[in-house]
Amino acid sequence: MPVDSPLFLLVWLPVVLGVFAFCPGGLRGGLLLAASLLFYALSDVTSLPLLCLSAAGNMLLGLAIGKAEPGSGARRALLAAGVGANLLLLAWAKYFSFLTAQVLGISAPAWMAPAGMPLGVSFFTFSAVAYLMDVSRGQQAPEANPLRFGLFMVFFPKITAGPIARYRDMFPEGGWPAAPTMEDLRAGLARLAVGLAKKALVAGTLGPMADAAFGEPAGRLDMGTAWLGLASYSLQLYFDFSGYTDMAVGLGRMFGYKLPENFNYPYVSQSVREFWRRWHMTLSSWFRDYLYIPLGGGRVAPWKVQRNLLAVFALCGLWHGASWSFVVWGLWHGVFLALERTRIGKALDALPRPLRHAYALAVVCLGWVFFRAADFSQALAYFSALAGANQSGFDYTWMVRVNRQYMAALAVGLIGSAPALPWLAARLEALSPAVAGACARLAAPVLLAAALLQLAAGTYAPFIYAQF
C-alpha cells in the first residue's frame, strides 16, 4: 500500500489517526505497532514473517550484547553474529541472483532464491545493524520492551524507503514519546502535503521525459532529449525521494515521533563532499559511522583514506541494487571524493563559487546516468548521446518532447531544488507577518488538493527508492 495511494491517504490514514486519537495513552504504542504490521502485510504479506523474525532476533541479540562485558570477546562475537546475520539476510534477499550468476558464475537451484525482494529490506536491516553497533559501543541501552523495539523496526512511515532511523531518533528519552499536540498534527499534515506535492506535481510530471530519454534504443537518442532527460531525471529523483522523506517525517510527527531528515538542498553543493553531507543523509552518516570511521576515517595515510573512500562508495552503490552499474555509480563518487582530498581538491576549493557549483553539479548529474541506466552499455550509449554523437538538433526535442506542463514542472523543480522558497518566506515574514501567516496556512491545503487531483488524473508511478 503506497503512502501516496488514495487507499492510504483517504481511508487508512484517517482511520488510524482517528483510532489513535481516542486510544488510551498506554495502548498507543501497541496500536501503532499493529497498524504498522497491517500496513506491511497489505504491501508485502509474504515477507511479513521475515520482518518479524528479523525484529525478534535483533532485539534478543541486542539484549545479549548488552549483558556481555564491554570490550569482551563475547560481546564482539555476539556483535559479529548479529551484523553477519543481518548482512546475510540482505545478501540473500537482494543479491542472490547477482552473487550466484554474476560473481560466482554458478546456477543455483531456484528453491534457494527468494520469492521477491522483501519490502524495505535495505532500510530495516541497516537500522538493525546500527542498533546492534550502538549497543555494543555503549551508545545505546538495549531495549527489552518488544512493543517499542518492534515499532522501531516496522514503523510504517519509514519501512518502505526510510529514512534510516536509529533507535535514539525515535525514542530519544528511552521510553514512549509524549502524545502529539495539535501543533504536531498541523505541522505533520503540512509536511505530508509538501511531500505529496513534490512527488505528484514535480517528480510525476518530469518522470515521463526521463523515461523517454533513457528508454530510447542506443543510436536513436538525440542530444537535446538526452540532456533534457538527464536534467529531468536529476530533479525527478530528488523530488521523488525527498518527497517521500517529507511524507515520512510528517506522518511520524502526526503520531508523536521525530524521524531524521534526509535532505538539505543537495544540488546547491559546491563539492562532492558537500553533496554527500546534503543527500540521503541517513545513509551517508550510516556508512560514515559504521564503516568509514572504523576503517580509519581520515586519520590514516592518504592512500588508505582514498582506498577506504572507494570501498565505502562501491558498497554504497551496491546497497542501491544488484547491478554493476550501481557499483560503477558508487565508484564514480568515490573517485571524485578521493580526488578532492588531493591537490586537485585544493585547486577546486580556490575556484570562484559559480565554478565550484558547476563542477559539483556536473559530477553528480553525469553520475546519475550510471544510476538510471539499465546496464553499463546503456550508460555508455547515453554518454555518447550527451556528447552529441546522435545530433538531431534541439528543435526536434522542443517540438516533440516539450509541453507547457513539463516546462512548468521543470521551472518549479529548478527553483524548488534551491532554498529559494525559504528565502522568500523569510522576506515576506519581515515585510508582513499577517500575509506570510495567511500564505503558510493556505499552502498546505492547496498543495494537498492539487496533488490529489494530479494523482487522480495521472498514471501512478511508485516511489523510486521503494525499489531499493
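Structure: see above.
Predicted model only: the values in this text are computed from it and were never measured.

Chemist: Just give me the short version of helix α13 (residues 302-320), but keep the residues and values in it.
Modeler: Spanning 19 residues, α13 covers 28 Å between terminal C-alpha atoms, matching the ideal 27 Å at 1.5 Å per step. Residues V305, N308, L309, V312, F313, A314, C316, G317, W319 and H320 constitute the buried set of α13.

Chemist: Describe the side chain of T245, naming the residues involved and giving the relevant values.
Modeler: Mapped onto the elements of the fold, T245 is located in helix α10 (residues 223-254). Since its relative accessible area comes to 2%, T245 is described here as buried. Excluding anything up to four places from it in sequence, T245 contacts N262 and F263.

Chemist: Please give an account of the nonpolar core that cites residues and values.
Modeler: Core analysis: the biggest nonpolar cluster contains 124 residues, and F8, F255, W279, W368 and Y465 have the highest contact counts within it. Ranked by the residues each element gives to this core, the list is headed by α10, at 15 residues. Not counting chain neighbours up to four residues away, the residues in contact with F255 comprise L13, V16, L17, F20, L32, F156 and P180.

Chemist: Can you break down a nonpolar patch on the surface residue by residue, with the values?
Modeler: A cluster of nonpolar side chains, contributed by L7, L10, V11, V15 and V19, occupies part of the molecular surface with about 450 Å² of accessible area. Relative to the elements of secondary structure, L10 occurs in helix α1 (residues 6-22). Here L10 falls in the exposed class, since its relative accessible area comes to 55%.

Chemist: Help me get a handle on the pattern of salt bridges, residues and values and all.
Modeler: Taken as a whole and assessed by the stated rule, the structure comprises 14 salt bridges. Residue K199 is joined to D240 by a salt bridge in which the shortest nitrogen-to-oxygen separation is 2.8 Å. Taken as a pair, K199 in helix α9 (residues 182-215) and D240 in helix α10 lie far apart in primary sequence, 41 residues in all. In this structure K199 comes out as buried when scored by relative accessible area, which is 6%. Using a relative accessible area of 2% as the deciding quantity, one classes D240 as buried. For R278, the salt bridge identified is with E274, shortest N-O distance 2.9 Å. With a gap of 4 residues between them, R278 and E274 both fall in helix α11 (residues 272-278), about one helical turn apart. Beyond isolated ion pairs, a larger network of salt bridges with shared partners links R191, K198, D246 and E261.

Chemist: So what about unusual backbone geometry? Which residues, and what values?
Modeler: Backbone torsion omega between G162 and P163 reads 5 degrees, so that peptide bond is classified as cis. Mapped onto the fold, P163 is located in the loop between α7 (156-159) and α8 (167-170). In this model, Y265 sits at a positive phi of 50 degrees, which is unusual for a non-glycine residue. Take Y265: it is sitting in the loop between α10 and α11. For Y265, a relative accessible area of 22% puts it in the partly exposed group. Although it is not a glycine, H280 adopts a positive phi angle of roughly 40 degrees. For H280, the position within the fold is in the loop between α11 and α12 (281-292).

Chemist: Just give me the short version of α12, but keep the residues and values in it.
Modeler: Taken across its 12 residues, α12 has 9 buried, putting it largely inside the fold. Looking at α12, one finds that the buried residues are T282, L283, S284, S285, W286, F287, D289, Y290 and Y292. Next to the buried residues of α12 lie α5 (121-137), α11 and α13.

About the criteria used
- Residues numbered from 1 in each chain as written.
- Predicted model: local features only at pLDDT ≥ 70, side-chain atom pairs only at ≥ 80, totals over all residues.
- Heavy atoms only, no water.
- Helix = DSSP H or I, 4+ residues; strand = E, 2+ residues; numbered from the N terminus.
- Expected span 1.5 Å × (residues − 1).
- Buried < 20%, exposed > 50% of the residue type's maximum accessible area, 1.4 Å probe, protein only.
- Contact = heavy atoms within 4.5 Å.
- Core = buried A, V, L, I, M, F, W, Y, C linked by side-chain atoms within 4.5 Å.
- Patch = residues over 30% accessible without salt bridge, like charges linked within 9 Å, V, L, I, M, F, W, Y side chains within 5 Å.
- Areas by Shrake-Rupley, 256 points an atom, 1.4 Å probe, with all protein chains shown as cover.
- Salt bridge = Lys/Arg side-chain N within 4 Å of Asp/Glu carboxyl O.

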